[in-house]
Amino acid sequence: MTTTAATTTRVSGRTLNLVLATWTFAITFWAWNLVGPLAARYTEELGLSATEKSLLVATPVLVGAIGRIPVGALTDRVGGRRMLGILSLISIVPVLLVAFAGEQESYALLLLFGFLLGIAGTTFAAGIPFVNAWYEPARRGFATGVFGIGMGGTALSSFFTPRMVNSFGYVTTHVLVAIALAVTGFVVLSVSRDAPAWKPSTQPVVPKLRAAIKLPVTWQMSFLYAVTFGGFVAFSTYLPTYLSDVYGYDLADAGARTAGFAIAAVVARPLGGILSDRVHPKPIVLVSLAGAAIMAVLLSFKPVPEIPAGTEFVLMAFFLGIGTGGVFAWVARRAPADRVGSVSGIVGAAGGLGGYFPPLVMGATYDEATHSYTVGLLLLSATAVVSFLFVLLRLKREDRVA
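Here is a short report on the structure shown in this document. (Residues numbered from 1 in each chain as written. Predicted model: local features only at pLDDT ≥ 70, side-chain atom pairs only at ≥ 80, totals over all residues. Heavy atoms only, no water.)

Within the chain, the regular secondary structure consists of 18 helices and 0 strands. The C-alpha radius of gyration computed for the chain amounts to 20 Å, which stays within 12% of the reference 21 Å derived for 402 residues, consistent with globular compactness. Dimensions of the chain along its principal axes, counting C-alpha atoms only, are 65 × 45 × 40 Å. Within the chain, one finds 28 positive and 19 negative side-chain charges whose respective centroids are separated by 18 Å. (Helix = DSSP H or I, 4+ residues; strand = E, 2+ residues; numbered from the N terminus. Rg over C-alpha atoms; globule rule 2.2 N^0.38 Å. Lys, Arg positive; Asp, Glu negative; His and termini not counted. Charge placed at Lys NZ, Arg CZ, Asp CG, Glu CD.)

Time to look at helix H18 (residues 374–394). For H18, with 21 residues, the first-to-last C-alpha span of 30 Å sits near the 30 Å given by 1.5 Å per residue. Looking at the buried positions of H18, the neighbouring elements they touch are helix H13 (216–247), helix H15 (281–299), helix H16 (309–334) and helix H17 (340–365). (Expected span 1.5 Å × (residues − 1). Contact = heavy atoms within 4.5 Å.)

The next point concerns the nonpolar core. Grouped together as the largest cluster of nonpolar side chains are 114 residues, with contacts concentrated most on Tyr 42, Met 221, Leu 224, Tyr 242, Phe 261 and Met 316. The biggest single contributor to this core is H13, with 15 residues. Setting aside anything within four residues of it in sequence, one finds Met 316 in contact with Phe 235, Phe 261, Ala 292, Met 295, Ala 296, Leu 299 and Leu 380. (Core = buried A, V, L, I, M, F, W, Y, C linked by side-chain atoms within 4.5 Å. Buried < 20%, exposed > 50% of the residue type's maximum accessible area, 1.4 Å probe, protein only.)

A contiguous nonpolar patch, built from Leu 16, Leu 96, Phe 168, Val 171, Val 175, Leu 176, Ile 179, Val 183, Val 187 and Val 191 and spanning about 780 Å² of accessible area, is present on the exposed surface. If you tally residues by element for the nonpolar patch, the top one is helix H11 (residues 170–191), at 7 residues. Relative to the helices and strands, Val 191 is located in helix H11. The class of Val 191 is partly exposed, set by a relative accessible area of 44%. (Patch = residues over 30% accessible without salt bridge, like charges linked within 9 Å, V, L, I, M, F, W, Y side chains within 5 Å. Areas by Shrake-Rupley, 256 points an atom, 1.4 Å probe, with all protein chains shown as cover. Salt bridge = Lys/Arg side-chain N within 4 Å of Asp/Glu carboxyl O.)

Where helix H9 (residues 140–147) contacts helix H14 (residues 251–278), the two axes come as close as 7 Å, and the packing angle between them is 175 degrees. Classified by the interaxial angle, the pair formed by H9 and H14 is roughly antiparallel. In contact with Arg 140, Gly 141, Phe 142, Thr 144, Gly 145 and Val 146 of H9, H14 contributes Arg 269, Pro 270, Gly 273, Ile 274 and Asp 277. (Axes fitted to C-alpha atoms, helices over the stretch in contact; angles between N-to-C directions. Parallel < 35°, antiparallel > 145°, perpendicular 65-115°, else oblique.)

This part is about the packing of aromatic side chains. Scanning the entire structure with this criterion turns up 27 aromatic pairs. Considering the side-chain rings of Phe 235 and Phe 261, the 5.3 Å spacing of their centres and the 40 degrees angle between planes classify their relative orientation as tilted. Taken as a pair, Phe 235 in helix H13 and Phe 261 in helix H14 lie far apart in primary sequence, 26 residues in all. With respect to class, Phe 235 is no different from Phe 261; both count as buried. (Phe/Tyr/Trp six-rings, centres within 6.5 Å; stacked < 30°, edge-to-face > 60°.)

With 17 residues, helix H3 (residues 50–66) extends 25 Å between its outermost C-alpha atoms, agreeing within 8% with the 24 Å of an ideal straight helix rising 1.5 Å per residue. At Ala 58, H3 shows its maximal kink, close to 30 degrees; a proline, Pro 60, follows between one and four residues later. Counted residue by residue, H3 has 12 buried out of 17 residues, so it is predominantly covered. By the burial criterion, the buried members of H3 are Lys 53, Ser 54, Leu 56, Val 57, Ala 58, Thr 59, Pro 60, Val 61, Leu 62, Val 63, Gly 64 and Ala 65. (Bend = angle between axes of the 7 residues up to and from the residue.)

Its location among the elements puts Ala 262 in helix H14. Ala 262 has contacts with Thr 154, Ala 155, Phe 232 and Ser 236, leaving out every residue within four places of it along the chain.

Taken as a whole and assessed by the stated rule, the structure comprises 4 salt bridges. Its salt-bridge partner being Glu 45, residue Arg 41 comes within 3.4 Å of it at the nearest N-O pair. Of this pair, Arg 41 and Glu 45 both sit in helix H2 (residues 39–46), 4 residues apart, roughly one helical turn. A residue is classified by how much of its surface remains accessible, and Glu 45, at 32% relative accessible area, is partly exposed. Among the ionic pairs, Glu 306 bridges to Arg 257, the shortest N-O distance being 2.7 Å. Taken together, the residues span a long stretch of sequence, with Glu 306 in the loop between H15 and H16 and Arg 257 in helix H14 at a distance of 49 residues. Classification of Glu 306 by relative accessible area gives partly exposed; the value is 39%. Classification of Arg 257 as partly exposed rests on a relative accessible area of 31%.

Right, here's the structure in full:
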């Protein structure tokens, strides 16, 4: 009876903490993606070129990527509970500053404060080791996959942000997101707790990062995550612009379709993690990369909406989603236990950087005469093919390595 009660308490505790971490990931990702869904508005108000617009959309991704490296290392040292709560509270400041910049109709301030908005995108590197510590190795693919549902914050932002701006106003929308971040931060700091088995690392952050960088698994998984998660981030932030340019959708319609894309990826991510637990991450990642390569080629032909274009975008999201789940299930298998946070931070940074450059490439290769992004999509397909061959020929199925 006592054993059963203890087990129930343990399961209940880890489930609550997984839910809180996932929600924090979602609300901070909403904040991280505040600029993308309003890109058409900024373009109209400020008279932006395609390149200026793509730079504005991509800028928050940069700090969200690079910032994951120190956040992952600090999480090993102070714990995921503190990092998730503090990052939620800190993110309030750039959200309000972006609102101020938009009201001033200043492109320079939007770039500056959008850069700082990237802080909200660093919570991923705190959440992965946090939920990892709550689950045994055989269920970490499930845990990281469920936590990955939080990337659906981009879907929430794409769908609700334009509608909230229309209903409540531009500044009020940003204030409401700031309030949600404040509530989230205080709840996490008050209610959640680090796993009983977790122990703070006493190693200095810089040597710990240096040691993680020397691991082959760090570079291998960083490359794959840059393609899978980077592809998801790029589409989630740039798709409203893409749909407006190619198909002429307005802000709300483009946002709704982008939300559908993000939801498909969100549903697929835990599936990728669960399947990786049952079989192995390698075949899951291979399916992901092959599917993304094929979908990119099909989309380059500018299929008509809603079918087949909508179906192809949803399938692209699905393949990228299972890939993100598969890659981090692989990280959980292969990264040394005491360096999961550091490795996760670096891999997460690579994923963010993978999402930073594609919008810039798409903006640079956009054919205004034909309203097409053919070159950018074919480059994505080629990248996925190279990644597929790398996984197939170079990566073995071994588990944890030193």
